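# An overview of the molecular structure
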Amino acid sequence: MILLNSSEAISRFVDSHILLTHYHEVGLKGRNRAKFERQLKQNIQAALAGLEGISVSRISGRLLIEVEPHLTDDINSIAATVASLPGVVRVSQGVSVARDLDSINSAALAILEQSEPFSSFKVAARRANTDYPLDSMQLNQRVGAYLSHNLPLKTVRMADPDVKLHVEIIEGRAFVYAHTIKGIGGLPVGSSGAVVCLLSAGLDSPIAAWRMMRRGATVLGLHFSGRPQTSADSEHLVKQIAEVLKPIAGLTGLFVVPFGEYQRMIAAAVPASLRIIFYRRLMFAVANRLAAEQGARALVTGESLGQVASQTLENIQVIDAVAKFPVLRPLIGSDKQEIISEALQLGTYEISIQNHEDCCTLFMPRSPETRARLSIVDPIWNQLPIDDWLDVIMADIEQLDLP
Ligand code: ATP
Ligand code: MG
């Protein structure tokens, strides 16, 4: 890890310590580009709002984050925060200097000296302004020659060097950096509209929610608790999941439905093997109402094909028949192992594996139907007072405070 701030040599001639935020798909969005850049800029500002002394601006296909000197000790953690935001492909950490060759050379040398240990390097220059007297090739050569002269033990290697020193001339300044971390990619949260995600405390749905956020959606979480038949354990876990998702800022609402009583009524009214289908249908019917009320455009679940009995194509078809919005299943083709690695990476794994009672554990049939049929399910569904239930459920729905 390079700690540029520790160097007085650098502090003497730099304008400021900077992070250059690179985006990719955002840049490809043609006419929408300015909108996406604005959204990403806003999200970065929001994520760093607790820090005084940060400015974010758009600069030639990048977002430039300037960090005041008193924050340079925190620059690694600031970079990590920015890298975790959807829409960010890479974050480079370096300095901004005047664009004369002397300043660039001095910054480049100081940065390379701090990149030890390494044995090979190359200079990668890019010139956004054509008014600059040197083109990229000439800049590569001039800066490269200076560095070789001052670092005689290092070799220049074009293919796969240990350190790649970037020089970017953008507007009136030069940005010099050699340290880049990977971002999570995707699109900035807030650029794709809102969805309602059926959010359990299990492993899958938090990852489904997160994947939607990574595609720019804002997510309204909808959780069904087994209350009053069970404790509120699952609700506490869902709150912890919301805490983990907080820095991404994609969760814009969290709703809890005490569902135990409805499950009891369903269990009493439908054949045992069809209970799960009916629970799930009622969940979708609630999600329809919430989506309509909140202006969301799709429902999201954490289902993956064939994972459990309710996730067969036949059952999915029968459950989807009550949906009034497209049902998105970002995990439908994922293996459990992939989902687990994502949960580990995101930080929800430890929460989701905790034993908890939730509505899934209530009134579970011994052998659930795996091939439900509309011709059997619909007539039973139509006899239930679903609309009356929905009116009461929507009146009783609890909106939790977001962390
Ligand atoms: P998860 O790990 O997300 O709970 P799962 O593998 O346990 O999924 P199911 O329990 O069959 O699978 O649930 C399928 C999907 O239905 C979940 O991914 C989630 O979107 C939704 N769902 C299930 N239980 C609940 C609940 N209690 N509250 C909200 N949504 C739920
Ligand atoms: Mg579950």
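Higher on the page you've got the structure.
Since the model is a prediction, treat every value here as computed from it, not as a measurement.

Cut-offs applied
Position numbers for residues start from 1 in each chain and track the written sequence from start to end. Whichever chain is written first is A, and whichever ligand is written first is 1; the rest continue in order. Two thresholds apply to this predicted model, a pLDDT of at least 70 for residue-level local features and 80 or more for giving and counting side-chain atom pairs, whereas whole-chain, interface and lining totals are computed over all residues. Heavy atoms throughout the structure, all of them, feed into the side-chain values; hydrogens and water do not. Strands here mean DSSP runs of E at least two residues long; helices mean DSSP runs of H or I at least four residues long; both are numbered from the N terminus. Three labels apply to residues, based on accessible area from a 1.4 Å probe with only protein chains included: buried if under 20% of the type maximum, exposed if over 50%, partly exposed otherwise in between. With residues, only the protein chains shown are counted as cover, and all accessible areas are computed by Shrake-Rupley using a 1.4 Å probe. Positive charges are assigned to Lys and Arg, negative charges to Asp and Glu, while His and the chain termini are left out of the count. One atom stands in for each charge, and that atom is NZ of Lys, CZ of Arg, CG of Asp or CD of Glu. Expected span, for any helix, means 1.5 Å times one less than how many residues it has. Directions are taken from the helix axis to each C-beta atom, and the arc is the one they span. Residues count as neighbours in contact if any of their non-hydrogen atoms are within 4.5 Å of one another. Two N or O atoms form a polar contact when they lie within 3.5 Å of each other; inside protein one atom must be a possible hydrogen donor and the other a possible acceptor, and for residues adjacent in sequence the pair counts only when both atoms belong to side chains.

Below, the discussion takes up the overall build of the protein. When its secondary structure is counted, the protein shows 14 helices and 14 strands. Residues counted as buried form 53% of the 403 residues belonging to the protein. Here the protein has roughly 18100 Å² of accessible surface; of this, 50% comes from carbon and sulfur atoms. Side chains of the protein give 38 positive and 42 negative charges; the mean places of these two sets differ by 7 Å.

A word on helix 5 (residues 136-150). For helix 5, spanning 15 residues, the distance from its first C-alpha to its last is 21 Å, which sits close to the expected 21 Å at 1.5 Å a residue. Among all positions in helix 5, only Leu139, Val143, Gly144 and Leu147 are buried. Relative to the axis of helix 5, the buried residues are bounded by an arc of 120° and lie together on one face. Along helix 5, the residues that are exposed and aim more than 90 degrees away from the buried face are Met137, Gln141 and His149. Residues of helix 5 that are buried sit in contact with helix 4 (101-113), strand 5 (120-127) and strand 7 (163-170). The backbone nitrogen of Met137 lies 3.1 Å from a side-chain oxygen of the residue at the head of helix 5, namely Asp135.

Moving on, we come to the side chain of Ser225. You can see Ser225 is positioned in strand 10 (residues 218-225). Relative accessible area serves as the criterion here: at 0%, Ser225 is assigned to the buried category. Within polar-contact distance, the side chain of Ser225 engages the backbone nitrogen of Arg227 at 3.0 Å. Contact partners of Ser225, with chain neighbours within four places excluded, come to Ser231, Ser234, Glu235, Val256, Val257, Pro258, Phe259, Gly260 and Cys359.

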